[in-house]
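Structural overview for review
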Amino acid sequence: MAADGGGRGRLVALDVARAVAIVGMLLVNSGPEHMDGAWGYVWTSAHGRASLLFVLLAGVGTSLLARGRPRLVDHAGILAWRSALLLAIGVLLGLLDHQAQVILPTYALLFALAIVLVRVPTRWLVVGAAVGGVVGPVLVLVVLQLTERVYDRTNGAKAEDPVEALDTLVMTGPYPLVTWLVPFVVGMLIGRADLRGPRTAWAMVGWGAAAAVVALVVSRGLVRLVGAPTSRAGFDHLVVLTPHSQMPLWLLGSTGAAVVVLGVALVATPSLGRLSRPLASTGQLALTAYVGHLLVLHLLPDRPLVTVGALEVPLAVPLVLGTVLLAWAWRAVFPWGPAEVLMRPPWVWAAERRRVRSQPAPGGR
């Protein structure tokens, strides 16, 4: 993992934010879709936001990687390796019976595009994110209208041919590239900022909260003014804030919420000290945790209630707690998670071994 230029506290803050994303995705994928009370509010808050935070942090990490490796060939090769690996893992996970939508193939395409995007000037990335936030959703609706379909977030499980697979990944799947590129680029922009001081973090909290509130107010106002959508895939859907709707106001609000989470992590983590270690460890093993929870859900597709003492709790509770505790224990012994080891290309490991061998022994001349 590349350093961000802001010291260990900033790096831990990114890991903590990544852990929040992973925990949210575990809750959404393993918990019941409808819950009452406080748990229902937590589940609702994570739905449509946790995975977007995951993608935004991938954009941050991509910019930090490019900053830490000035030679283009270095980070281009690493991004290409990660892209190919994530695509393979994502395809394999998609064959399992976990009843969740796998985000890794979209992740893989984003990393492939990042090979070019890291060279794009910041001002053009800003323009691209703004334009993409409107054009991407419109393209999704146009494709659905031309093919006489309705948006279905569950249509990404198994494509029957290459054309359908491409359509799923780019346009009409659960994580279409044309819309999910927006939070990724926003993350890249954040990764280019100075994350060392609190001013940037507080600005992220303020601007992110403002974006989330504006999206909520505008959506509710438009729905009252023109009514809720009634078409199968018409442009009247542009007013909604529904999670995973791929619409502009959902993108704006959820991206704003993701920026707030990262900003809060940057502000709070340095003060937490050792208290942040369980979450930081989970963030450092994010890919392992993601793959692991889908394997568990494949073995337990019915999401049974789990008995804890005298209580019956949703599977999400022990799954989240177990993931955090296992990640914490693993990082106390090993520097890398099982999946994270694979994300480092063989030539990077070889270069590090050569560097270690070339260093003089302690006490030597």
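Scroll up for the structure.
Here's what I pulled together on the structure shown here. Computed from a predicted model, the values in this text were never measured in an experiment. (Residues numbered from 1 in each chain as written. Predicted model: local features only at pLDDT ≥ 70, side-chain atom pairs only at ≥ 80, totals over all residues. Heavy atoms only, no water.)

The helix and strand inventory of the protein stands at 15 helices and two strands. Burial analysis of the protein (365 residues in total) assigns 47% to the buried set. Summarising the internal contacts of the protein: among those between residues at least 6 apart in sequence, 75% fall at separations of at least 24. Accessible surface, the protein as shown: approximately 18,300 Å² in total, 68% of it carbon and sulfur. (Helix = DSSP H or I, 4+ residues; strand = E, 2+ residues; numbered from the N terminus. Buried < 20%, exposed > 50% of the residue type's maximum accessible area, 1.4 Å probe, protein only. Contact = heavy atoms within 4.5 Å. Areas by Shrake-Rupley, 256 points an atom, 1.4 Å probe, with all protein chains shown as cover.)

Bringing unusual backbone geometry into the picture now. A positive phi angle, close to 55 degrees, is found at Glu148, a residue other than glycine. Here Glu148 shows up in the loop between helix 6 (122-146) and helix 7 (162-172). Residue Glu148 is classed as exposed on the basis of its relative accessible area, which comes to 67%. The phi dihedral of His244 is positive, around 60 degrees, even though this residue is not glycine. With respect to the helices and strands, the residue His244 is situated in the loop between helix 9 (198-226) and helix 10 (248-272). Relative accessible area serves as the criterion here: at 3%, His244 is assigned to the buried category.

Among the nonpolar cores identified, the biggest contains 78 residues, and Ile103, Leu104, Phe184, Ile190, Leu262 and Tyr290 are the most heavily contacted of them. Among all residues touching Leu104, those that are not within four sequence positions of it are Leu86, Ile89, Gly90, Leu93, Leu287 and Tyr290. Listed in part, the six residues of the second largest apolar core include Val140, Val143, Leu144 and Val178. (Core = buried A, V, L, I, M, F, W, Y, C linked by side-chain atoms within 4.5 Å.)

Turning our eyes to something else, we now look at a nonpolar patch on the surface. A grouping of Trp124, Val127, Val131, Val134, Val135 and Leu139 is seen on the molecular surface, where their side chains present a nonpolar patch of about 520 Å² in accessible area. Following the sequence through the fold, Leu139 ends up in helix 6. (Patch = residues over 30% accessible without salt bridge, like charges linked within 9 Å, V, L, I, M, F, W, Y side chains within 5 Å. Salt bridge = Lys/Arg side-chain N within 4 Å of Asp/Glu carboxyl O.)

Bear in mind that shape data such as this cannot, by itself, settle questions of function.
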